[in-house]
Amino acid sequence: MTKRHVRHTARTLRATRTARSAGLLAVAAVAALSLTACQTGGDDGAAGARTKVSASAPASEAGGNGASAQTVARSEAPTGDRTTAPAAAGGTTTTSGKTSKAVAAPIRTVTLVDGSKAEVYRVGTQRYQAKIVNNGDLLATLDTKKGDDGIDANGMYVVLTMGGEVRSWMGGEHQGPGTFTLAGGWKAKVTKVGELHYRAQIIGREGAVEATMDANQHDTGLDANAVYIVLSAGGVISSHA
């Protein structure tokens, strides 16, 4: 082999070794970059996981000023519907949510003998109320909850029957105790039971007691077959046919 050929072969070997070294360095660099990328991705993944946990925690723990998820859920829940629900039957709904009973109109208004009015209301089966009013002022209320009712209104006598009828008159009074003849042939035996408490036995033509009136702290009235009787808590009894 000539010297020229030897030098050419040496140069070829050196070039080959240089190329092989460069290839190995490139492979090593790629591996290093891949390792760095994996490490960076792992850190980012962990940070993402930590971010998700923080987002689900209350804002006060995450350092924010917003409400927690539970608070938001409560704030988005529909508010109470008491003020928007339809009113119950016979009532109206106020802005505060309370249901108030509607005021019924009187079924009739009767003018009494002294010029005042009796407004009659039906409040149940065989139950009526009569409000006696004068110039817009309520003077008294009669109620047939326990039977016929009546009142001595300063010498004007008013009876409200269980049928909702109103009768008024003046005069014909007797001061008990005692036994008195009433309109229609009835008799009344009035006795004093106590302070502002009088009782009257209503006696028929045959002498039998047909009814008993009891005025205990409150006047009372009676419809005795179309004869109207008032007994006051002060012992005054009056009748009208």
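Residues numbered from 1 in each chain as written. Predicted model: local features only at pLDDT ≥ 70, side-chain atom pairs only at ≥ 80, totals over all residues. Heavy atoms only, no water.

Moving on to the sheet that holds strand S13 (residues 197–203). A sheet is described by the order of its strands in space; here four strands give the open sequence S11-S12-S13-S14, paired in antiparallel fashion. In this open sheet, the two edge strands, each paired with only one partner strand, are strand S11 (178–181) and strand S14 (209–216). Ignoring which end each strand starts from, the neighbouring axes of this sheet average 20° apart. For S11 and strand S12 (residues 187–194), the ladder comprises four bridges, and the chain directions are antiparallel. Across the sheet, residue Phe180 finds its bridge partner in S12, namely Ala188. (Pairing = 2+ DSSP bridges. Helix = DSSP H or I, 4+ residues; strand = E, 2+ residues; numbered from the N terminus. Axes fitted to C-alpha atoms, helices over the stretch in contact; angles between N-to-C directions.)

Summarising the sheet, S13 and S14 pair through seven bridges and their orientation is antiparallel. If you follow Ile202 over to S14, its bridge partner there is Ala211. Two successive antiparallel strands, S13 and S14, enclose a turn made up of five residues, where Gly207 displays a positive phi of approximately 90°.

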